[in-house]
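Chain by chain, the residues run as shown.
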Amino acid sequence: NDYCAGVRTLGRYADYLVVNVSSPNTPGLRDLQKRKVLLDLLLSVRNEVDALPEPRPPLLLKVAPDLNDSECQDIADVSREAKIDGIIVSNTTIARPETLRSAHKAEAGGLSGAPLFEPSTAVLRNLYQRTEGKMTLIGVGGVSSGKDAYEKIRNGASAVQ
């Protein structure tokens, strides 16, 4: 397991560790967001982090902005069960809004920037509600101003990236 090997090799040097299961540019990676697979992965990584010398870095999970309500509930439940320290919401989207004007709008891969703000904020709000405000959430996606950052905070972010 690459995630566990990464923790063993680099964990003692890290300020925090992120299990990123959301990159649309890595084939099959988003399949790791499925409940059973994700729980097994996070429990394994959590065990590796717990084996590190003190002080141990916080363990965060980075998720996609393309999650539905059921998937958000699974992410919240699994994160609590695996004792994850926080969730980064979110990576790039696979969606292509009709408002895109670029000649490259049909390209495969992750889309970031302004079109990501609304969907990532919606998932942030959903996860805040499902974790009952008891988990650190880092708001990411389409943030380009102080106003955007404040909107992430108003929707549950403990910090904004």
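Heads up: these notes are all about the structure in this document.

The rules behind each value
Residues numbered from 1 in each chain as written. Predicted model: local features only at pLDDT ≥ 70, side-chain atom pairs only at ≥ 80, totals over all residues. Heavy atoms only, no water. Buried < 20%, exposed > 50% of the residue type's maximum accessible area, 1.4 Å probe, protein only. Helix = DSSP H or I, 4+ residues; strand = E, 2+ residues; numbered from the N terminus. Pairing = 2+ DSSP bridges. Right-handed = clockwise from strand over helix to strand, strands pointing away. Salt bridge = Lys/Arg side-chain N within 4 Å of Asp/Glu carboxyl O. Axes fitted to C-alpha atoms, helices over the stretch in contact; angles between N-to-C directions. Parallel < 35°, antiparallel > 145°, perpendicular 65-115°, else oblique. Left-handed = near helix turned anticlockwise from the far one by under 90°. Contact = heavy atoms within 4.5 Å. Nonpolar A, V, L, I, M, F, W, Y, C, P; charged D, E, K, R; others polar.

### Some remarks on the pairing of strand 3 (residues 86–89)
- Going residue by residue along strand 3, you find Gly 86 and Ile 88 tucked away on one face and Ile 87 and Val 89 tucked away on the opposite face as well.
- Both strand 2 (residues 59–63) and strand 3 contribute to a ladder of 4 bridges, which runs parallel. Bridge pairing in strand 3 links Leu 60 to Gly 86.
- Handedness of the β-α-β unit built from strand 2, helix 3 (residues 69–81) and strand 3 comes out right-handed.
- When strand 3 meets strand 4 (residues 136–139), the two strands line up parallel, connected through 4 bridges.

### Re the pairing of strand 1 (residues 17–20)
- What you see with strand 1 is a clean split: Leu 17 and Val 19 sit on the buried side and Val 18 and Asn 20 on the side with no burial.
- Summarising the sheet, strand 1 and strand 2 pair through 4 bridges and their orientation is parallel. The residue bridging Leu 17 from the neighbouring strand is Leu 59, located in strand 2.

### So, the sheet that holds strand 2
- Strand order in the open sheet made by the 5 strands is 1-2-3-4-5, with parallel pairing throughout. Each edge of the open sheet is held by one strand with a lone partner, namely strand 1 and strand 5 (159–160).

### Comments concerning unusual backbone geometry
- Residue Pro 55 is bonded to the preceding Glu 54 through a cis peptide linkage, with omega at -10°.
- With respect to the helices and strands, the residue Pro 55 is situated in the loop between helix 2 (35–50) and strand 2.
- Across the junction of Val 89 and Ser 90, the peptide omega takes the value 20°, indicating a cis bond.
- Structurally, Ser 90 is set in the loop between strand 3 and helix 4 (117–130).
- Even without being a glycine, Glu 132 presents a positive backbone phi close to 55°.
- Residue classification places Glu 132 among the exposed residues on the basis of a relative accessible area of 57%.

### Some words on the pattern of salt bridges
- Scanning the entire structure with this criterion turns up 10 salt bridges.
- For the salt bridge of Asp 85 with Arg 46, the shortest nitrogen-to-oxygen distance reads 3.4 Å. Note that Asp 85 is positioned in the loop between helix 3 and strand 3 and Arg 46 in helix 2, a separation of 39 residues in sequence.
- For Arg 46, a relative accessible area of 10% corresponds to the buried category.
- The residue Arg 80 makes a salt bridge to Asp 77 at a minimum N-O spacing of 2.8 Å. Linking Arg 80 with Asp 77, this pair stays in helix 3, spanning 3 residues, or about one helical turn.
- A single network of salt bridges, built from pairs that share partners, joins Arg 35, Asp 74, Asp 77 and Arg 80.

### Brief notes about the packing of helix 1 (residues 2–10) against helix 2
- Across the interface, helix 1 lies against helix 2 with an axial gap of 9 Å and an inter-helix angle of 15°. Looking at the two axes, helix 1 sits roughly parallel to helix 2. The chirality of how helix 1 crosses helix 2 is right-handed. From helix 1, Tyr 3, Cys 4, Val 7 and Arg 8 reach across to helix 2, where they touch Leu 41, Ser 44, Val 45, Glu 48 and Val 49.
- A per-class count over the contact of helix 1 with helix 2 returns 6 nonpolar, 1 polar and 2 charged.

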